[in-house]
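Take a look at the letters that make up each chain.
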Amino acid sequence: MVEGTRRFRVAAAYSDVRAALDYLKTNSVDIILLDIEMPGIDGITALPDVIAAGKGAKVLIVSSAAEQGAAVTVQALALGAADTLVKPGIGAFGGRFAEVLEERLSRLLEAHVQSLPEPAHLPLAGTAHHSHAEPAAVAHHPHYQFPVQAPENFDLVAIGASTGGIHALSQLLRAIPASFRVPILVTQHLPVSFMSYFATQLAVLGGRPCEVATDRMRIRPGRIIVAPGDAHMRVVRMSDGAAIRLTHEKASSGCMPSVDPMFESVAEVFGARALGVVLSGMGRDGCEGAKDLIDAGAKVLAQDRASSVVWGMPGAVANAGRVSAILPPDEIGRLIARGGGGA
């Protein structure tokens, strides 16, 4: 089916993970298609090794087990898969599977070769952990690996992410100890059907309660709140703190939920006592809201290009000069923990 597309060819095909890993030791590819149900080692168990052996190749899970909302789908994304696609079954995609597959492959390839303009002069930190080099302007910037001072005195952390964001979130949250009490809001581009398991996964990774936002939900210490898949998550001031309001207006990014309304409202309510984070994702969602945070005196941290599945959202914020530091997600987590008194 891949060979039938206009722009892709199959470099090799194996039904056994070990054979595929052996091939990847001496060969490079752009995209790896991985099934979950295979003889011997299953795809979920093999995924970390496949990602490492791929040396920067994007991994697309193609499996009948990858239904929207399925626990295994969120697990695969948390482990670093770039995307998932359900194998064609009876009625799946209405016979359009080849077209959908080519569209997904094209999107991943475009993200893989994405080239962004030179970033503004920014204080950068962190080291590249993958084969993708930072853009020349970043790699040779005089402040690269400059020690970044932990943000201080923030009362809320707001995180925006899309493609590749679940894996980045898992790394970030693991670096924050359970003693960290500052509430965390997350807007992650995911369908409604994923949200319940996604919240459960974040609760485990973050070692704290995590809930899918409902309208007028109070924001409380030591908790994570995630935007539902069908509404923007905004923050409003209350007489005794802050709460969530869900809205459905069209966002400039075209995303639902969108990071921009969250950042915008957090800037209005928390001002300089907020901390924004932009993780891996396609497009520019979060860029306009990051300006509101910076203008309010808050700090914004962005994921570095080397660790991002797609350096679209964090790259847009970086290129606009709206970040305080660019770091891998685990280092962002440690920085948040130090600044929030959780270390």
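Keep in mind the model is a prediction, meaning the values are calculated, not measured.

The rules behind each value
Residues numbered from 1 in each chain as written. Predicted model: local features only at pLDDT ≥ 70, side-chain atom pairs only at ≥ 80, totals over all residues. Heavy atoms only, no water. Axes fitted to C-alpha atoms, helices over the stretch in contact; angles between N-to-C directions. Helix = DSSP H or I, 4+ residues; strand = E, 2+ residues; numbered from the N terminus. Parallel < 35°, antiparallel > 145°, perpendicular 65-115°, else oblique. Contact = heavy atoms within 4.5 Å. Buried < 20%, exposed > 50% of the residue type's maximum accessible area, 1.4 Å probe, protein only. Pairing = 2+ DSSP bridges. Core = buried A, V, L, I, M, F, W, Y, C linked by side-chain atoms within 4.5 Å.

**Student:** Before we move on, can you summarise the packing of helix α8 (residues 259–270) against helix α9 (residues 287–295) with the specific residues and values?
**Tutor:** At a minimum axis separation of 7 Å, α8 and α9 run at an interaxial angle of 10 degrees. Relative to α9, the element α8 lies roughly parallel. Residues Asp260, Phe263, Glu264, Val266 and Ala267 of α8 touch α9, and the partners they reach there are Cys287, Glu288, Gly289, Ala290, Asp292 and Leu293.

**Student:** Now, about helix α6 (residues 165–174): what can you tell me, with residues and values included?
**Tutor:** In terms of burial, α6 is largely enclosed, as seven of its 10 residues are buried. When α6 is considered as a whole, its buried residues turn out to be Gly165, Ile166, Ala168, Leu169, Ser170, Leu172 and Leu173.

**Student:** Help me get a handle on the pairing of strand β9 (residues 241–247), residues and values and all.
**Tutor:** Relative to β9, strand β8 (residues 232–238) runs antiparallel, the two sharing seven bridges. When the bridges of β9 are listed, Val236 appears paired with Ala243. Counting the residues that bridge the hairpin from β8 to β9 gives two residues.

**Student:** Can you lay out the nonpolar core for me, pointing to particular residues and giving the numbers?
**Tutor:** Val157, Phe198, Leu202 and Ile336 are the most contacted members of the largest nonpolar core, which has 36 residues in total. In contact with Leu202, not counting residues within four places along its chain, are Leu169, Leu173, Val186, Gly207, Cys210, Ile224 and Val226. Of all hydrophobic cores here, the second largest spans 34 residues; its members include Ile219, Val269, Ala298 and Met313.

**Student:** Lay out unusual backbone geometry in plain terms, naming residues and giving numbers.
**Tutor:** That bond from Met256 to Pro257 is cis: its omega, 0 degrees, falls within 30 degrees of zero. Structurally, the position occupied by Pro257 is in the loop between β9 and α8. With phi around 50 degrees, Lys55 is a residue other than glycine that occupies positive phi space. The residue Lys55 is located in the loop between α2 (43–54) and β2 (58–63) in this model.

Take it as geometry only, folks, not as evidence of what the structure does.
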